[in-house]
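Fold and geometry: a report
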Amino acid sequence: MSDLLRLATAGSVDDGKSTLVGRLLYDTKSVLADQIDAVTRASVDKGLSTPDLSLLVDGLRAEREQGITIDVAYRYFATPKRSFVLADTPGHVQYTRNTVSGASTAQLVILLVDARKGVIEQTRRHAAVMALLGVPKLVLAVNKIDLVDDPAGVYAKITAEFSELTAKLGWAPEDVQEIPVSALHGDNVASRSENTPYYDGPSLIEHLESVPVDADVHGRHEIGLRFPVQYVIRPRTAEYPDYRGYAGQVAAGLVSKGDEVVVLPSGTRTTVERIDTPNGELVSAQPGRSVTLVLADDVDVSRGDVIAAAVGAPEPIDAFDATVCWLGDKPLRPGARLLLKHGTRTTQAIVGALIERFDEQHLAADPGPESLSLNDIGRISVRVADPIVADDYSVNRHTGSFLLIDPAGGNTLAAGLVGDALTAVEVGA
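Residues numbered from 1 in each chain as written. Predicted model: local features only at pLDDT ≥ 70, side-chain atom pairs only at ≥ 80, totals over all residues. Heavy atoms only, no water.

Observations regarding the overall build of the chain
Broken down by element type, the chain carries 7 helices and 22 strands. Expressed along its principal axes, the backbone C-alpha trace of the chain runs to roughly 70 × 50 × 40 Å. Counting all 429 residues of the chain, 53% fall into the buried class. Of all intrachain contacts in the chain linking residues separated by at least 6 positions in sequence, the fraction that spans at least 24 positions is 70%. Put simply, the chain has 40 plus and 58 minus side-chain charges, and the middle of one group is 4 Å from the middle of the other. (Helix = DSSP H or I, 4+ residues; strand = E, 2+ residues; numbered from the N terminus. Buried < 20%, exposed > 50% of the residue type's maximum accessible area, 1.4 Å probe, protein only. Contact = heavy atoms within 4.5 Å. Lys, Arg positive; Asp, Glu negative; His and termini not counted. Charge placed at Lys NZ, Arg CZ, Asp CG, Glu CD.)

Side note on the side chain of Thr-19
Mapped onto the fold, Thr-19 is located in helix 1 (residues 17-27). Residue Thr-19 is classed as buried on the basis of its relative accessible area of 18%. Discounting residues that sit within four places of it in the chain, Thr-19 has contacts with Asp-52, Leu-53, Ser-54, Ala-183 and Leu-184.

What to know about the pairing of strand 21 (residues 401-405)
Of the strand pairs in this sheet, strand 17 (residues 337-342) and strand 21 are connected by 3 bridges, and their pairing is antiparallel. Note that in strand 21 the partner of Lys-341 across the bridge is Leu-403. The antiparallel pairing of strand 21 with strand 22 (residues 412-418) creates a hairpin that spans 6 residues between the two strands, and Gly-410 there sits at a positive phi of about 80°. (Pairing = 2+ DSSP bridges.)

So, the pairing of strand 5 (residues 137-143)
Extensive coverage of strand 5 is indicated by the burial of 7 of its 7 residues. The two faces of strand 5 match: Lys-137, Val-139, Ala-141 and Asn-143 on one face and Leu-138, Leu-140 and Val-142 on the other face are all buried. Examined bridge by bridge, strand 4 (residues 108-114) and strand 5 share 7 bridges and lie parallel to one another. Residue pairing across strands places Val-113 opposite Val-142, the latter belonging to strand 5. Handedness of the crossover joining strand 4 and strand 5 through helix 5 (residues 121-133): right-handed. Read as a crossover between parallel neighbours, the route from strand 5 over helix 6 (residues 151-168) to strand 6 (residues 176-180) is right-handed. (Right-handed = clockwise from strand over helix to strand, strands pointing away.)

A closer look at helix 2 (residues 33-45)
Here helix 2 contains 13 residues, and its C-alpha end-to-end distance of 18 Å stays within 8% of the 18 Å for a straight helix at 1.5 Å per residue. The set of residues buried in helix 2 consists of Ile-36, Val-39 and Ser-43. In an axial view of helix 2, the angular spread of the buried residues amounts to 65°, which keeps them on one side of the axis. What points out from helix 2, more than 90 degrees from its buried face, is the exposed set Asp-34, Arg-41, Val-44 and Asp-45. Buried positions along helix 2 lie against helix 1. (Expected span 1.5 Å × (residues − 1). Arc of directions from axis to C-beta.)

Section: the pattern of salt bridges
Summed over all chains, the structure comprises 20 salt bridges. Put simply, Lys-144 and Asp-114 hold a salt bridge, and the shortest N to O gap is 3.8 Å. Taken as a pair, Lys-144 in the loop between strand 5 and helix 6 and Asp-114 in strand 4 lie far apart in primary sequence, 30 residues in all. Between Glu-206 and Arg-192 there is a salt bridge; the shortest N-O distance is 3.0 Å. Linking Glu-206 in helix 7 (residues 204-210) with Arg-192 in the loop between strand 6 and helix 7, this pair joins segments that are 14 residues apart in sequence. (Salt bridge = Lys/Arg side-chain N within 4 Å of Asp/Glu carboxyl O.)

A few points about unusual backbone geometry
Most peptide bonds are trans, and most residues other than glycine sit at a negative phi. Cis geometry marks the peptide bond from Leu-264 to Pro-265, where omega comes out at 15°. Relative to the helices and strands, Pro-265 is located in the loop between strand 10 (260-264) and strand 11 (268-277). One non-glycine residue, Lys-144, lies in the positive phi region at around 60°. The backbone of Leu-363 shows a phi angle near 50°, a positive value even though the residue is not glycine. Relative to the elements of secondary structure, Leu-363 occurs in the loop between strand 18 (345-359) and strand 19 (364-367).

A closer look at the nonpolar core
Val-109, Ile-110 and Leu-169 are the most contacted members of the largest nonpolar core, which totals 71 residues. Top contributing element to this core by residue count: helix 5, with 7 residues. Each residue touching Val-109, except ones within four places of it in the same chain, is listed here: Ala-8, Ala-10, Ala-103, Met-130, Val-135, Lys-137, Leu-138 and Val-139. Of all hydrophobic cores here, the second largest spans 21 residues; its members include Val-324, Val-384, Leu-413 and Ala-414. (Core = buried A, V, L, I, M, F, W, Y, C linked by side-chain atoms within 4.5 Å.)

With respect to the sheet that holds strand 2 (residues 73-78)
Ordered by their spatial adjacency, 6 strands build an open sheet running 2-3-1-4-5-6, and the pairing between neighbours is mixed. Looking at the sheet topology across the chains shown, the edges are occupied by strand 2 and strand 6. Geometrically, the sheet is characterised by an average inter-axis angle of 25° between neighbouring strands, direction not taken into account. As paired elements, strand 2 and strand 3 (residues 83-88) share 6 bridges and run antiparallel to each other. Across the sheet, the residue bridging to Ala-73 is Asp-88, located in strand 3. Sheet contacts for helix 6: strand 4, strand 5 and strand 6; angle to strand 6, the most-contacted strand, approximately 160°. (Axes fitted to C-alpha atoms, helices over the stretch in contact; angles between N-to-C directions.)

Considering the packing of aromatic side chains
Counted under the stated rule, the structure contains 5 aromatic pairs. When the centroid spacing of 5.9 Å and the interplanar angle of 75° are considered together, the rings of Tyr-240 and Tyr-243 count as edge-to-face. Classification of Tyr-240 by relative accessible area gives partly exposed; the value is 41%. The exposure class assigned to Tyr-243 is buried, which follows from its relative accessible area of 16%. (Phe/Tyr/Trp six-rings, centres within 6.5 Å; stacked < 30°, edge-to-face > 60°.)

In structure tokens:
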């Protein structure tokens, strides 16, 4: 079990995400005393009898004034058993792009629903987005359970509907945990509550502490080495007159001294002579480790190239289909000329056909749309000027994702997944 869990929150407006996150921070003693004092004073000023824990996390002035979360904020907390990095994401439909950003690296997502409203349109949208992103584990937090007349019946109805939805989206039952909670009062957050006798599962924190999650989501060990070159190091000093190293982060696989590798897209083969770090040499390096590789031969390697395992190396591609979440204010149309950033390589790209738009409410495809608007998810064809070394997103999250960027202003216009991620979540037509 990993000692670090990356998680995110999602849910509709007023489902209580900020209160739940504040409760998690408060119950794990991850906030300072003066912060609690400030929240208590602000709560009294608002006429509340108990601290409004949402004030711990809604830090922007606009968030406090409107009572909503607008941007993604990262929170850090820990228990004796595990450390956590939490991306607190917005609930408004117009901020779906922020939710995509926050959940893109999550190993688990807490999806909230208001017990009084049940599974609504935004719940289905967020669940579909999490399925597309390949989030391995999901928690349904049925919040405000203390505000309904028949909590056991309401909880049973919501969880039955949600289980049907997640099964269609591809999650196995053991990957989804449903918990009735009251973020305001702390029921089933840090410890199990006597107020929910119909529920015999773990509290939220107990589940977060114990859920088995592979630190390398999408099996980064299951494919060979993928090492995007970030920087070429050539000191040319008296101490290192001929040193040539290639710095970057291991995106997949394992690299060891003596391994045979291939430089892509050129296809040049060589071996790893050394693995350097600021603290000395390593025998091997795993995914997530930033290192400098020194190769046995003087080969041509530049930023944006990928050093890959010689056996099973992917073929560089210059045309492919991809699933994108459109983040731009102006619609995407066929023929758009953009920049594509994949790993450490940025190249010119042109969008060909818009193959389909995803209807997340009915889990179905809308073929041949004229455009993709803000927050739309769709499948498109892309052609790039310089080949990229990519894996299908379903195989590897890191080497299968990319960004589409406005060449004029530099704004990110789309988050993309190589391959047809929609196939796994479309069940209708």
